[in-house]
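Take a look at the letters that make up each chain.
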Amino acid sequence: MITLLEIELQGFEGIKLNGLTIDGNPITPLLIPSHRVYMSSENWSTNSQGVNVDYLAKIMKETRRNPDSAKITYPYKGIKYKQILRMPVTQLR
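Residues numbered from 1 in each chain as written. Predicted model: local features only at pLDDT ≥ 70, side-chain atom pairs only at ≥ 80, totals over all residues. Heavy atoms only, no water.

**Section: the overall build of the protein**
- Of the regular secondary structure elements, the protein holds zero helices and 11 strands.
- Tracing the protein from N to C terminus, the helices and strands come up as β-β-β-β-β-β-β-β-β-β-β.
- Out of the 93 residues in the protein, the part that is buried amounts to 26%.
- Contacts in the protein between residues at least 24 apart in sequence constitute 67% of all its contacts with a sequence separation of at least 6.
- Total accessible area on the protein stands at roughly 6400 Å², and carbon and sulfur atoms take up 52% of it. (Helix = DSSP H or I, 4+ residues; strand = E, 2+ residues; numbered from the N terminus. Buried < 20%, exposed > 50% of the residue type's maximum accessible area, 1.4 Å probe, protein only. Contact = heavy atoms within 4.5 Å. Areas by Shrake-Rupley, 256 points an atom, 1.4 Å probe, with all protein chains shown as cover.)

Structural data, given as structure tokens:
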């Protein structure tokens, strides 16, 4: 488990987002499964984070695009790390 300190949805347009939750819980701060595979003390890979991100969206214009990535911030051994998680992009009309 890691403590998720912050999440920022990126690359969206035409919609205003609010009510962000992770697996139905508010985000401040939240323990989530890390699902990390440590290859050595120097490197690791991250498979699916295993969490569902939900948000409310207000339509601002006719053409809109859902977030395409999320930047997460979490602490590890006293240092804050930032990681970008890619999400499938859906173009809406």
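What follows picks up the thread again.
**Points about the sheet that holds strand β2 (residues 6–10)**
- The strand order β2-β9-β10 describes an open sheet built from three strands, whose pairing is antiparallel. With one partner strand each, in any of the chains shown, β2 and β10 (79–86) form the two edges of the open sheet. Between one strand and the next, the sheet's axes are offset by a mean angle of 20 degrees, whatever the strand orientation.
- Strand direction decides the pairing type here: β2 and strand β9 (residues 69–76), joined by five bridges, are antiparallel. Across the sheet, the residue bridging to E8 is K71, located in β9. (Pairing = 2+ DSSP bridges. Axes fitted to C-alpha atoms, helices over the stretch in contact; angles between N-to-C directions.)

**Notes on unusual backbone geometry**
- Not every positive phi belongs to a glycine, and D23 is a case in point at roughly 50 degrees.
- Among the structural elements, D23 can be located in the loop between β3 (15–22) and β4 (30–32).
- With a relative accessible area of 40%, D23 lands in the partly exposed category.
- At K77, a residue that is not glycine, the phi angle is positive and equals roughly 55 degrees.
- For K77, the position within the fold is in the loop between β9 and β10.

**Topic: the packing of aromatic side chains**
- Counted by the stated rule, this structure contains two aromatic pairs.
- A ring pair is formed by Y74 and Y81, whose centres lie 6.0 Å apart and whose planes are at 20 degrees; its orientation type is stacked.
- Ring geometry for Y76 versus Y81: centroids 6.3 Å apart, planes at 55 degrees, classification tilted.
- Taking relative accessible area as the criterion, Y81 reaches 33% and is therefore assigned partly exposed.
- Three or more aromatic residues joined by ring pairs make a cluster, and in this case those are Y74, Y76 and Y81. (Phe/Tyr/Trp six-rings, centres within 6.5 Å; stacked < 30°, edge-to-face > 60°.)

Worth remembering: the numbers are spatial, not functional.
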